There are 2 protein chains.
Amino acid sequence: MSTALADLKSRLGQIEDLKAAANVLSWDQETYMPPGGAEARAYQLSTLQTLAHEKFVADKTGELLNHAEEEVNGADPLSTDASLVRVTRRDYERDRKLPASLVSEISKTVSEAKEAWKKARAADDFDIFAPLLRRIVELNVEKAEAIGYEDEPYDALLDEYEPGMRTATVVDTFRDLRDDLVPIVDAIASSEQVDNAVLHGTYPIKQQKSFGQSVIRDLGYDFDRGREDVSAHPFTTSFSIGDVRLTTRYDESFFPAAFFSTLHEAGHGLYEQGIDPSLDRTPLADGTSLGMHESQSRLYENLVGRSRTFWSHYFDDLQNAFPEAVGDTDLDTFYRAINRVEPSLIRVESDEVTYNLHIMLRFELERGLIDGRIDVDDLPDLWREKMNDYLGVVPETDADGVLQDVHWSLGAIGYFPTYALGNLMSVQLMNTIREELSDVDGDLANGRFGPLLDWLRENVHEHGRKLTAPQLLERVTGEGLSADPWIEYVRSKFGDLYDLD
Amino acid sequence: MSTALADLKSRLGQIEDLKAAANVLSWDQETYMPPGGAEARAYQLSTLQTLAHEKFVADKTGELLNHAEEEVNGADPLSTDASLVRVTRRDYERDRKLPASLVSEISKTVSEAKEAWKKARAADDFDIFAPLLRRIVELNVEKAEAIGYEDEPYDALLDEYEPGMRTATVVDTFRDLRDDLVPIVDAIASSEQVDNAVLHGTYPIKQQKSFGQSVIRDLGYDFDRGREDVSAHPFTTSFSIGDVRLTTRYDESFFPAAFFSTLHEAGHGLYEQGIDPSLDRTPLADGTSLGMHESQSRLYENLVGRSRTFWSHYFDDLQNAFPEAVGDTDLDTFYRAINRVEPSLIRVESDEVTYNLHIMLRFELERGLIDGRIDVDDLPDLWREKMNDYLGVVPETDADGVLQDVHWSLGAIGYFPTYALGNLMSVQLMNTIREELSDVDGDLANGRFGPLLDWLRENVHEHGRKLTAPQLLERVTGEGLSADPWIEYVRSKFGDLYDLD
């Protein structure tokens with residue numbers, strides 16, 4: 001017997017297939033596509049996205065949803081069926097509120113904006129990008145008004161990437177974070193700097209690849225349900241729970257570039273591979289928010305991968321893999337090198353400690369753009385001012401300043417804060433893990449990564465989008481979002497490394 | 001101003017995008033997809049194909065087509081617009097005649113049949129496959145009846161792969177071919193056999209790859225609009241005129257496996273890369289028939305790649321690339337080795353001369369199945385009988401006999417003859433080329449492949465599907481399909497090689 005729920009699932013399944021196909025095409029575009037394929041690929045991606053969107057916002061979806069809601073009435077809210085209907089309703093209402101004309105205008109503006117941004121960055125000329133950015137801000141304001149919000153328009157934008165999160169919470173959390181973090185960065189800047197020359201030796205790419213892949217296999221990343229390729233910008237993408245792919249890029253003369261990006265992407269990949277297989281081909285088969293996703297990548301990259309414990313297990317293997325570069329180095333020198341803190345200009349190259357300050361700066365600027373307190377033309381100066389306030393360094397060019405990130409040119413406003421939220425949540429989760437798995441550090445020191453992954457699967461991964469990130473965090477840690485645990489972690493780890501008091 | 005033609009093009013463009021996306025997903029499935037991706041990939045491909053089909057056979061397409069026909073009324077029939085409307089009408093009428101229930105029944109049967117065929121071949125047990133094959137025959141008969149035909153049901157099936165070709169023409173042509181070819185094969189079988197030991201030396205895969213790719217680059221295959229990867233079964237696929245990809249597979253101890261398959265696939269690839277770019281994203285941007293496509297692959301594989309002229313240019317390079325295997329061999333020994341003729345059991349491993357006999361056998365059997373003269377249960381015996389008649393060899397197992405090819409299990413009846421048609425057309429085309437380009441052999445001997453490719457582009461490739469294969473052949477060669485030129489070519493080349501009189 002066909003129920004509305006079954007019909008809804010079948011319809012959503014086709015929509016998920018279209019989205020997965022678009023993901024395959026995007027992956028191919030970044031990894032193997034020859035240059036001649038670019039023009040047609042843009043049409044193909046646009047068609048897949050358009051058809052997926054049209055099918056989803058169609059009245060038919062709403063009718064099925066209405067009936068399906070009756071059918072799941074009374075079911076356990078955490079059951080797959082009830083969750084599917086609830087999350088689909090949320091997505092549906094949001095997407096239906098966006099007029100087709102606005103969606104198409106955004107899409108058109110964004111494709112011009114990306115080209116303009118590329119030119120502006122290459123020419124170090126913000127004026128080339130400014131008119132497009134102004135239009136993007138206007139369109140995002142329109143979008144926020146169409147979607148609606150309680151406190152401020154930025155809420156509506158943030159909610160796309162971090163459902164259930166409020167701007168006010170981010171503002172409060174970031175204020176706490178900044179107040180504690182800026183003095184720590186200042187103190188580190190006045191301490192004796194760590195020497196990281198060892199990281200700049202010769203690390204043959206073939207060995208980097210096999211070392212990196214063997215480590216993430218140990219962590220639990222399943223190569224029968226994924227693979228790792230090379231792309232200009234590392235990313236993780238999923239075509240199904242059985243096919244979750246990573247990319248990386250190699251730098252023969254700088255070890256951390258590929259290795260820590262591999263751990264980072266593997267953290268994302270483990271999340272996607274760990275979703276309950278019964279959720280496949282439904283809108284639930286995804287990370288619950290970008291922040292929660294980032295908590296998994298940062299947990300593996302930083303809390304595991306940049307810990308002394310982790311390297312106490314892998315340092316011998318590292319020396320065997322790269323005898324020329326690290327054969328004469330000791331564990332402590334290497335550990336200190338990979339944790340060197342240095343206020344710098346570029347977010348994607350920044351260290352564990354200063355990274356969140358880069359994010360806060362962007363959040364403050366884009367929130368100001370959306371609520372009208374900041375004008376696009378003032379961005380370059382404000383950027384320099386805030387870099388000086390938070391990090392004590394000032395870019396000489398806009399290319400190294402306000403033009404460094406692609407995100408705004410893609411139309412993505414509300415995305416940046418999720419990076420910092422991920423960092424904070426990663427430590428909140430890790431503290432709970434340490435309480436519940438008393439020997440987790442002994443495990444890590446002995447290369448036993450199973451218990452950690454099992455815990456993450458049971459508590460985070462397998463639920464997919466059944467719980468929002470705030471719900472999941474509260475349920476697992478018993479607390480809401482907080483900067484304190486992360487600050488404590490940084491104080492302890494880097495206080496030790498830099499001899500702070 | 002939006003015209004019906006413009007709206008039709010836009011609709012067909014989306015359909016082409018969906019098909020291209022399916023091609024990307026299939027390519028990925030055969031090259032890079034991890035095993036865990038298989039289940040979801042089947043759903044994704046099915047969704048893309050279903051949506052493309054639904055969109056194409058919708059009433060809306062018919063309405064636009066009606067109006068577009070009025071708009072192009074009086075235009076040059078070879079203009080892009082007139083051709084687009086004409087070819088779309090042909091496809092539309094054909095696809096509309098297939099009831100959705102039949103399409104879905106074929107799709108369901110085929111997925112069972114492929115599994116059954118795999119099992120049957122592994123177990124060498126035709127009975128496992130027979131019931132599914134019987135059902136496939138029945139469904140193909142239903143399909144032929146739904147589509148309609150003038151002379152016999154097989155016409156309707158053949159027309160899918162070779163539009164405009166009639167079964168009667170194939171029957172006549174194959175009769176001529178068989179009458180002349182069987183005695184030639186007999187004569188070769190009683191001659192002194194050529195020694196091909198040189199081909200079984202050690203050919204390192206890395207060098208095979210660079211040698212093969214450098215040769216097809218010389219032929220004109222554009223790596224900025226394509227690439228070559230490895231798959232279990234070599235194929236060519238196109239995602240747009242700017243992205244036409246080949247695959248191959250390597251055997252370190254048998255040179256011809258990868259090399260001639262690379263030339264073969266490059267021949268297909270050159271056809272696709274040579275289509276007029278203004279046809280991209282329309283149904284005209286494809287080879288006009290499987291036979292014409294095969295004529296291009298066979299022309300480069302056999303008429304160019306297995307000629308003495310070709311190797312007089314490349315033999316030095318070959319010796320430099322594989323000094324261990326061919327350093328002590330001379331050109332003549334190598335040339336004879338790659339042209340060795342030997343009646344054998346397996347079609348895909350057969351030589352240039354005997355290949356067509358394998359095809360004829362299959363054509364006669366499948367035509368008999370469709371018109372009811374042959375019963376599925378009689379196939380294994382008939383196979384052995386015909387192998388003995390045509391080739392003088394008899395398979396000991398059905399796995400090496402009637403179960404060797406995948407095609408029938410895919411539901412494809414009417415496909416096989418196009419392989420032989422391609423062989424015949426390749427020589428008909430080459431004879432015309434020799435008349436029109438008087439120095440083509442001098443060009444080939446000096447590695448100048450441009451004039452040949454320019455001729456093929458102008459006369460074959462660029463038209464896409466504007467002309468049917470019979471129309472194109474007539475227009476270019478002034479003649480209809482004929483076996484005589486191919487027979488003459490074989491008599492001359494192999495008469496010389498095997499000292500026949």
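Residues numbered from 1 in each chain as written. Chains lettered and ligands numbered in written order. Predicted model: local features only at pLDDT ≥ 70, side-chain atom pairs only at ≥ 80, totals over all residues. Heavy atoms only, no water.

For chain A, an unreviewed UniProt entry supplies the name Metal-dependent carboxypeptidase and the organism Longibacter salinarum. Per UniProt, chain A has the following entry under Function (unreviewed entry): "Broad specificity carboxypetidase that releases amino acids sequentially from the C-terminus, including neutral, aromatic, polar and basic residues." (UniProt positions renumbered as here; feature names shortened; annotations may be inferred.)

(A) A look at the packing of aromatic side chains. Residue and element names in this part refer to chain B. Throughout the structure, instances matching the rule amount to 61 aromatic pairs over all chains. On the numbers, 5.1 Å between centres and 40° between planes, the contact of Tyr203 with Phe255 is tilted. Highlighted residues: Tyr203 in the loop between helix H8 (167-189) and helix H9 (205-219) and Phe255 in helix H10 (residues 255-273), separated in sequence by 52 residues. Like Phe255, Tyr203 is buried. Ring geometry for Phe255 versus Phe322: centroids 5.7 Å apart, planes at 70°, classification edge-to-face. (Phe/Tyr/Trp six-rings, centres within 6.5 Å; stacked < 30°, edge-to-face > 60°. Helix = DSSP H or I, 4+ residues; strand = E, 2+ residues; numbered from the N terminus. Buried < 20%, exposed > 50% of the residue type's maximum accessible area, 1.4 Å probe, protein only.)

(B) A look at the pattern of salt bridges. As enumerated under the stated definition, the model contains 82 salt bridges over all chains in all. Here Arg367(B) makes a salt bridge to Glu152(B), at a shortest N to O gap of 2.8 Å. Here Arg367(B), found in helix H15 (residues 355-371), pairs with Glu152(B), found in the loop between helix H6 (126-147) and helix H7 (153-161); they are 215 residues apart in sequence, far enough to count as distant. Judged by its relative accessible area of 13%, Glu152(B) is buried. Several salt bridges converge on common partners, so that one network encompasses Asp28(A), Arg41(A), Asp243(B) and Arg245(B). (Salt bridge = Lys/Arg side-chain N within 4 Å of Asp/Glu carboxyl O.)

(C) The arrangement of the side chain of Thr468(B) in detail. Residues and elements named next belong to chain B. Within the element layout of this structure, Thr468 appears in the loop between helix H19 (450-459) and helix H20 (469-477). The class for Thr468 is buried, based on a relative accessible area of 12%. Thr468 has contacts with Arg90, Pro163 and Thr288, leaving out every residue within four places of it along the chain. (Contact = heavy atoms within 4.5 Å.)

(D) Inspection of H6(B) at higher detail. Residues and elements named next belong to chain B. Its 22 residues give H6 an end-to-end C-alpha distance of 30 Å, which sits within 8% of 32 Å, the value for a rise of 1.5 Å per residue. Within the span of H6, buried status applies to Phe126, Phe129, Ala130, Leu132, Leu133, Ile136, Val137, Leu139, Asn140, Lys143, Ala144 and Ile147. Of the residues that open H6, the one with a side-chain oxygen 3.0 Å from the backbone nitrogen of Asp127 is Asp125. Where H6 terminates, the next one or two residues include Gly148, which has phi positive at roughly 90°. (Expected span 1.5 Å × (residues − 1). Polar contact = N/O pair within 3.5 Å; in protein donor to acceptor, adjacent residues only side chain to side chain.)

(E) Fine view of the relation of the copies chain A and chain B. Its rotation angle being 180°, the transformation that places chain A on chain B also includes 0.1 Å of axial translation and leaves an RMSD of 0.1 Å. In symmetry terms, the pair is related by a two-fold rotation axis. In terms of proximity to the rotation axis, the leading residue of chain A is Ala21(A), whose C-alpha is 3.4 Å off the axis. Here 100% of the interface residues in chain A have copies in chain B that are interface residues too; the copies meet face to matching face. (Least-squares fit on C-alpha atoms with pLDDT ≥ 70 in both.)

(F) Spatial organisation of the sheet that holds strand E1 (residues 228-230) of chain A. All names here are of chain A. Spatial strand order, E1-E3-E2: 3 strands in an open sheet with mixed pairing. Because the sheet does not close on itself, it has two edges, and the strands there are E1 and strand E2 (236-240). Between one strand axis and the next, the sheet turns by 30° as a mean value, whatever way the strands run. Where E2 and strand E3 (residues 243-248) come together, 4 bridges link them in antiparallel fashion. Following the sheet pairing, Thr237 is matched in E3 by Arg245. (Pairing = 2+ DSSP bridges. Axes fitted to C-alpha atoms, helices over the stretch in contact; angles between N-to-C directions.)

(G) Layout of the pairing of strand E3 (residues 243-248) of chain B. Residues and elements named next belong to chain B. Across the 6 residues of E3, 6 count as buried, placing the element largely inside the fold. Going residue by residue along E3, you find Asp243, Arg245 and Thr247 tucked away on one face and Val244, Leu246 and Thr248 tucked away on the opposite face as well. One ladder, built from 3 bridges, connects strand E1 (residues 228-230) with E3; its direction is parallel. Note that in E3 the partner of Glu228 across the bridge is Leu246. The hairpin turn running from strand E2 (residues 236-240) into E3, its antiparallel successor, is 2 residues long.

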